[in-house]
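Remarks on the overall topology
Spelled out from the first residue to the last, the chains are:
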Amino acid sequence: MAGSETRRQAILEAMVRVVGRKGYKATSVADVIEEADVSRTTFYKHFEDKHECFLAAYDLVVERVLGEVIDSCDPTAPWLERIRAGLATVVEMFALDPELARTAIVEVAAAGADARQRHWDAVTRVTEFLADGEQLAEGRELPANIGLMAAGAVSGLIFDELLTGRAERLPELLPDLLFALLVPYIGPGAATEEMRRAAAG
Amino acid sequence: MERGRGGDRWRPPRGRHRLPPQVVARSQRERLLEAAVRVVAEKGYGAMTIGDLTKQAGVSRTTFYELFDDKERCFLAAYDNAVEVLVRRVMAAYEAPGEWPERAAAGLAALLEVLAEEPELARLSLVDIGNAGPAAQRRYRAAVQRLTPLFEEGRDYAPGGRGLPANTSRMAIGGVTGLIADELVAGRAERLPDLLSDVFFATLVPYIGPDAAAREVERLTR
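Residues numbered from 1 in each chain as written. Chains lettered and ligands numbered in written order. Predicted model: local features only at pLDDT ≥ 70, side-chain atom pairs only at ≥ 80, totals over all residues.

Here's the deal with the overall build of chain A
Under the convention used in this document: Working definition: helices are DSSP H or I runs of at least four residues, strands are E runs of at least two. Numbering for both runs from the N terminus. Two things to know: the radius of gyration comes from C-alpha atoms, and the globule rule equals 2.2 Å times the number of residues to the power 0.38. Comment: burial labels come from other C-beta atoms within 10 Å of the residue's own C-beta, placed from the backbone, where a count of 20 or more is buried, 12 or fewer is exposed, and between is partly exposed. Contacts are defined on C-beta atoms placed from the backbone: any two residues whose C-beta positions lie within 7 Å are in contact.
Along chain A, the regular secondary structure elements total 10 helices and 0 strands. Of the regular secondary structure in chain A, the N- to C-terminal order runs α-α-α-α-α-α-α-α-α-α. Against the globule reference of 17 Å for 201 residues, chain A gives a C-alpha radius of gyration of 18 Å, in line with a compact fold. Viewed in the frame of its principal axes, chain A has a C-alpha envelope of about 55 × 30 × 30 Å. Buried positions account for 46% of the 201 residues belonging to chain A. Expressed as a percentage of contacts within chain A between residues at least 6 apart in sequence, the contacts between residues at least 24 apart total 66%.

Okay, here's the thing in structure tokens:
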């Protein structure tokens with residue numbers, strides 16, 4: 001018999017799937033327990049309501065994506081290598097799992113201000129991890145908010161693709177995403193070079 | 001929460017009065033429009049009822065139906081109004097004489113001012129997007145389209161502009177949106193105008209790079 005923690009995990013996974021498929025607003029607790037194959041009692045043993053469950057599921061998604069990004073990056077590699085590898089990992093994950101991607105980037109916007117806050121925190125964490133500010137800036141004094149600008153540019157582009165149902169085309173966008181992430185730090189000339197290299201494979 | 005703007009507005013006296021009927025109707029319509037943005041911002045488009053609107057606006061249900069066919073028409077009229085004001089003010093500031101950085105700075109300053117004055121509209125468009133409903137989301141996207149020239153002109157201004165990715169204006173808009181949304185999520189709508197230098201930097205940087213962007217920020221927004 002599955003343990004309590006396993007069932008909790010199954011509920012969170014189900015929440016990510018159902019929200020990615022139906023959208024946050026249309027998702028009900030009934031949908032989630034059906035997908036997870038658990039009883040309503042089990043659901044409410046673990047979570048107060050749909051919203052609380054979604055926030056926990058969102059944290060899970062963030063840790064998973066960040067975990068993959070960190071695993072894909074050799075910490076001793078130059079920052080540019082890390083950025084390229086990390087961004088490629090995010091894009092591949094999203095392309096392979098559009099439900100996860102929609103939950104992570106699009107539907108989170110429908111789940112209230114605290115979910116939205118988690119989204120921005122996560123995007124900023126990813127960006128700052130990838131773009132090691134000091135190395136990138138080369139002694140320039142850059143705005144404190146620069147990570148957020150880069151994050152906004154990248155997540156805006158991904159958002160538009162997902163909203164129009166083109167998750168599988170995200171890998172084609174990788175060169176542009178790389179440009180968007182790098183340009184606040186290194187400027188359009190150098191970022192265009194990197195974009196061309198990425199496009200050439 | 002008391003939100004002054006609507007509350008302080010002059011209302012026709014209750015009961016029998018001699019105001020021309022079109023004046024009364026106009027004021028009732030405006031109150032309903034304001035109520036619609038407020039109610040949707042609070043509870044979401046899906047949950048809004050006509051009862052919520054008539055109560056907030058202090059008008060009767062009969063009056064509501066004299067002015068609007070249904071709640072969707074009322075909310076979308078409100079949203080369209082607000083977006084129209086925003087786009088016009090931003091573009092009027094942007095279309096002043098001068099070079100791109102000057103005009104972009106003026107347009108962005110106007111954008112931040114309008115959003116600070118209309119925090120509910122700002123949150124509805126940029127943060128609680130799910131609350132707005134699909135029709136308002138389409139209108140938001142159309143409004144962003146109309147603002148795109150403010151960003152895209154950077155391509156003509158920048159020395160290597162033609163070689164930039166086709167998505168450059170979307171990146172700039174994403175950077176600006178990220179900054180504004182972050183401030184709204186933190187509940188600091190009234191401080192949006194202070195973001196001008198960062199928002200301006202985010203607009204310039206994909207076109208002219210961090211060094212030139214920092215110089216323009218220093219020159220035009222400090």
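Details of the overall build of chain B
Of the regular secondary structure elements, chain B holds 12 helices and 0 strands. Secondary structure elements of chain B occur, N-terminal to C-terminal, as α-α-α-α-α-α-α-α-α-α-α-α. Looking at chain B as a whole, 46% of its 222 residues qualify as buried. Sequence separation of 24 or more characterises 63% of the internal contacts of chain B that already satisfy a separation of 6 or more.

Some words on the interface of chain B and chain A
Keep this limit in mind: Amino acid classes used here: Ala, Val, Leu, Ile, Met, Phe, Trp, Tyr, Cys and Pro are nonpolar; Asp, Glu, Lys and Arg are charged; the rest, including Gly, are polar.
Each partner contributes to the interface: chain B provides 31 residues, whereas chain A provides 33 residues. Contributions of two or more residues to the side of chain B that touches chain A are made by α8 (129-132), α11 (168-185) and α12 (196-221) of chain B. With 11 residues, the top contributor of residues to the side of chain B that touches chain A is α11 of chain B. Of the residues assigned to the side of chain B that touches chain A, the class counts are 16 nonpolar, 10 polar and 5 charged.

A word on the environment of A190 of chain A
For A190 of chain A, the position within the fold is in helix α10 (residues 174-199). We classify A190 of chain A as partly exposed; it has 15 C-beta atoms within 10 Å.

Focus: the domain arrangement of chain B
Residue and element names in this part refer to chain B. Stated precisely, the cut-off is as follows: These domain boundaries are the output of an automatic or database domain assignment.
Domain boundaries assigned for chain B yield domain 1 (18-72) and domain 2 (75-221). Relative placement of domain 1 and domain 2: their C-alpha centres are 30 Å apart. Each partner contributes residues to the interface: domain 1 has 12 residues there, and domain 2 has 14 residues. For the side of domain 1 that touches domain 2, the secondary-structure elements that each account for two or more residues are α2 (21-43) and α5 (71-94). Its residues assigned to classes, the side of domain 1 that touches domain 2 shows 7 nonpolar, 2 polar and 3 charged.

Digging into the nonpolar core
Put simply, the rule is: By convention the nonpolar core is taken to be a set of buried residues drawn from Ala, Val, Leu, Ile, Met, Phe, Trp, Tyr and Cys and joined through C-beta atoms within 7 Å.
Formed by 132 residues in total, the largest nonpolar core has its most connected members in M15 and A180 of chain A together with A36 and V40 of chain B. When residues of this core are sorted by domain, at least three fall in each of domain 1 (18-72) and domain 2 (75-221) of chain B. Excluding its chain neighbours within four sequence positions, the residues that come into contact with V40 of chain B are Y45, M48, F75, L124, N131 and A132 of chain B.

Points about the environment of I33 of chain A
All names here are of chain A. One can find I33 in helix α2 (residues 29-36). On the neighbour-count criterion, I33 (20 C-beta atoms within 10 Å) is buried. Taking the C-alpha atoms as reference, I33 lies 9.2 Å from A10; in sequence the two are 23 residues apart. Beyond its immediate sequence surroundings of up to four residues, I33 is in contact with V38, S39, R40 and F43.

Here we look at helix α7 (residues 119-126) of chain B
Most of α7 of chain B is tucked away, with 7 of its 8 residues classed as buried. Looking at α7 of chain B, one finds that the buried residues are E120, L121, A122, R123, L124, S125 and L126 of chain B.

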